[in-house]
Amino acid sequence: MRLLLATLFTAVLAYDPTLGFNRALVVENRTIDDIYKAALAEGGVVNVWHGGDESGQQAELKQAFEARFPNMTLNVTVDLSKYHDGNIDRQLATDSLYIDSAILQTLHDFTRWDLEGALLGYQPLDFYKIHPAFRHIHASWYGVRLFGWSNVWNSDRLADGPKEFTDYLKPEFKDKLVLTYPNDDDAVLFAFDLIMQQYGYEWFEALLAQNPHWVRGTATPVTLLLQENTSFVASFTTSVGLAPSSPLNVSIPSEGNFVSWPQTAGIFRDAPHPEGAKLLHNFMLSDEFQGAPGSWSVRKDMPAPAGYDAIMDVQSTNPVEFSRFMGNRERVERLRFFFESKIGSAQGLSPLIDNL
Ligand SMILES: *[C@@H]1O[C@H](CO)[C@@H](O)[C@H](O)[C@H]1NC(C)=O
Ligand SMILES: *[C@@H]1O[C@H](CO)[C@@H](O)[C@H](O)[C@H]1NC(C)=O
Ligand SMILES: *[C@@H]1O[C@H](CO)[C@@H](O)[C@H](O)[C@H]1NC(C)=O
Ligand SMILES: *[C@@H]1O[C@H](CO)[C@@H](O)[C@H](O)[C@H]1NC(C)=O
Ligand SMILES: *[C@@H]1O[C@H](CO)[C@@H](O)[C@H](O)[C@H]1NC(C)=O
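Every value quoted in this text rests on a predicted model; they were computed, and no experiment measured them. Sequence order as written defines residue numbering, which begins from 1 separately in each chain. As a convention, the first chain written is A and the first ligand written is 1, with the rest following in written order. Only residues with pLDDT of at least 70 get local features here, since the model is predicted, and only at 80 or more are side-chain atom pairs given and counted; chain-wide, interface and lining totals rely on the full set of residues. Values reported for side chains reflect all heavy atoms of the structure, with hydrogen atoms and water molecules removed beforehand.

A. Local environment of the site of ligand 2. Contacts to ligand 2 come from Tyr-36, Leu-40 and Asn-71. Counted as a polar contact is a pair of N or O atoms within 3.5 Å, where, for protein atoms, one must be capable of donating a hydrogen and the other of accepting one, and residues adjacent in sequence contribute only when both atoms are in side chains. At a separation of 2.3 Å, an oxygen atom of ligand 2 approaches a polar side-chain atom of Asn-71. The protein chains shown are the only cover counted for residues, whose accessible areas, like all others here, come from Shrake-Rupley with a 1.4 Å probe. Protein burial of ligand 2: of its 360 Å² of free accessible surface, 27% is covered by the chains. Here a residue is considered near a molecule or strand provided that any single heavy atom belonging to it is located within 4 Å of it.

Right, dumping it as structure tokens:
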């Protein structure tokens, strides 16, 4: 009986710490090499779940981390953030947490997990260099990368690429657009919401008349743009960075609002490898990682990519807005089902099916 009660108790341990006050906060005061030593002593492993839609999408992160920190293993699992979060909830609810860090697009989960007391208040070394809007006041979460959609086209098939969302309505794009279902990815849903609040429902009707090819996954458009046996030329629901290799080329709208957001990370309070998770977060916020060419940084002090304004000065995007959009789940759901009623539920296998 006592054993049973103990089991029940641990299974419902999630709680709201609001009125406990005196929040625990760990302020990093070691060098990254000392954190590395602690992570090795802990076992040399970090389990991170990263949002995305192709299993190999974080291979570069794993490679860069393991090259920088020999004998560390970054066990990174990519899945849609909207699937990762429920599985994390299940781990938390059953006291069987085995992941250390989550890096997701579902920004509303972090505020919820923080309220549940599930996250570790932890200020990495470069915490105050992160833009204030991208970080939680008690350091339960913070953006670690700046993601967004842009216009992407295959310049072998199209000399002059689209710039504004109205360009996609030109006759030359009939049957040649490849787009991710807005009802399968909330960041794509937000793109359609922004565009249609600006250009109206008529824009969407005209887009449908172009007969776009709908796909699952936000990397799939690029795959199809590059495939020899397709005739797709452009997309606005994908990302290849701002300095892609040929034949891909990109632009951002200056009149239309496009989507950008801080991909957000948190360490779980009961993470089995807290030192490994701290090492990963410090690495991802370092000059070395944030300074990668071709993308904006979540840090205030890093230069913008060549030819672009700083992310907070780009008038056609607001990277803070996405978390407000994501926080209103009722509105998200209404939008999602609206699009489903127009273009049907997402068809085809998840691009992550090779994970199963
Ligand atoms: C460094 O941080 C740890 C954990 O927060 C704390 O216990 C320790 O006193 C700090 N050391 C210094 C030198 O500030
Ligand atoms: C990594 O592990 C190998 C084999 O145990 C050991 O020889 C080497 O010194 C380690 N390197 C570091 C940086 O810990
Ligand atoms: C790596 O992650 C996978 C998926 O999350 C998990 O099944 C596996 O146990 C992890 N490996 C280690 C060594 O923790
Ligand atoms: C197009 O090419 C890809 C690989 O290059 C192949 O997997 C696919 O089956 C081909 N599709 C058609 C319709 O031939
Ligand atoms: C990319 O497109 C822009 C504008 O359409 C053009 O000025 C630039 O030369 C193109 N870059 C490449 C590498 O083709």
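B. Seen up close, the packing of aromatic side chains. Pairing of aromatic side chains here covers Phe, Tyr and the six-membered ring of Trp, requires ring centres within 6.5 Å, and sorts the geometry by plane angle: under 30 degrees stacked, over 60 edge-to-face, intermediate tilted. Summed over the entire model, instances satisfying the criterion amount to 31 aromatic pairs. Note on Phe-147 and Trp-261: the rings are 6.0 Å apart at their centroids and 90 degrees apart in plane angle, and the pair reads as edge-to-face. One end of the pair, Phe-147, is in strand E6 (residues 142-148); the other, Trp-261, is in strand E12 (residues 260-267), with 114 residues separating them in the sequence. Burial status follows relative accessibility: with a 1.4 Å probe on protein chains alone, a residue under 20% of its type maximum counts as buried, one over 50% as exposed, and anything between as partly exposed. Under the relative-accessibility criterion, Trp-261 is labelled buried at 2%. Ring geometry for Phe-338 against Phe-339: centres 5.6 Å apart, planes inclined by 85 degrees, an arrangement best described as edge-to-face. For Phe-338, a relative accessible area of 34% puts it in the partly exposed group. What makes Phe-339 buried here is its relative accessible area of 2%. Here a strand is any run of E in DSSP of at least two residues, a helix any run of H or I of at least four, and the numbering for each starts at the N terminus.

C. The environment of Pro-17, seen in detail. Structurally, Pro-17 is set in the loop between helix H1 (2-11) and strand E1 (26-27). In this structure Pro-17 comes out as partly exposed when scored by relative accessible area, which is 31%. In the structure, Pro-17 is positioned 228 residues away from Ser-245 in sequence and 49 Å away in space, judged by C-alpha atoms. Contacts were defined at the residue level, with two residues in contact if any of their heavy atoms lie within 4.5 Å. Filtering out sequence-adjacent residues up to four positions away, Pro-17 remains in contact with Asp-114, Leu-115, Glu-116 and Gly-117.

D. Spotlight on the domain arrangement of the chain. Throughout, the edges of the domains are those of an automatic or database domain assignment. Splitting the chain by domain gives domain 1 (22-147 + 261-308) and domain 2 (150-258 + 320-355). The C-alpha-based centres of domain 1 and domain 2 are spaced at 28 Å. Facing 21 residues of domain 1, the contacting portion of domain 2 comprises 25 residues. Summed over both partners, the accessible area lost on bringing two parts together, with a 1.4 Å probe, is the buried area. Taking both sides of the interface into account, the surface hidden between domain 1 and domain 2 amounts to around 1800 Å²; carbon and sulfur atoms contribute 62%. The term salt bridge refers to a pairing of a side-chain nitrogen on Lys or Arg with a carboxyl oxygen on Asp or Glu at a separation within 4 Å. Linking domain 1 with domain 2 are one salt bridge. The salt bridge partner of Asp-184 is Lys-82, with a shortest N-O separation of 3.1 Å. Where domain 1 touches domain 2, the interface holds four residue pairs in polar contact (both at pLDDT 80 or more).

E. Seen up close, the site of ligand 3. Taken together, Asn-47, Trp-49, Asn-75, Thr-77 and Tyr-98 are the residues near ligand 3. Separating an oxygen atom of ligand 3 from a side-chain N or O atom of Asn-47 is a distance of 3.0 Å. The contact in question runs from an oxygen atom of ligand 3 to an N or O atom on the side chain of Trp-49, over 3.1 Å. Elements represented by at least two residues in the shell around ligand 3 include exactly strand E2 (45-51) and strand E3 (73-79).

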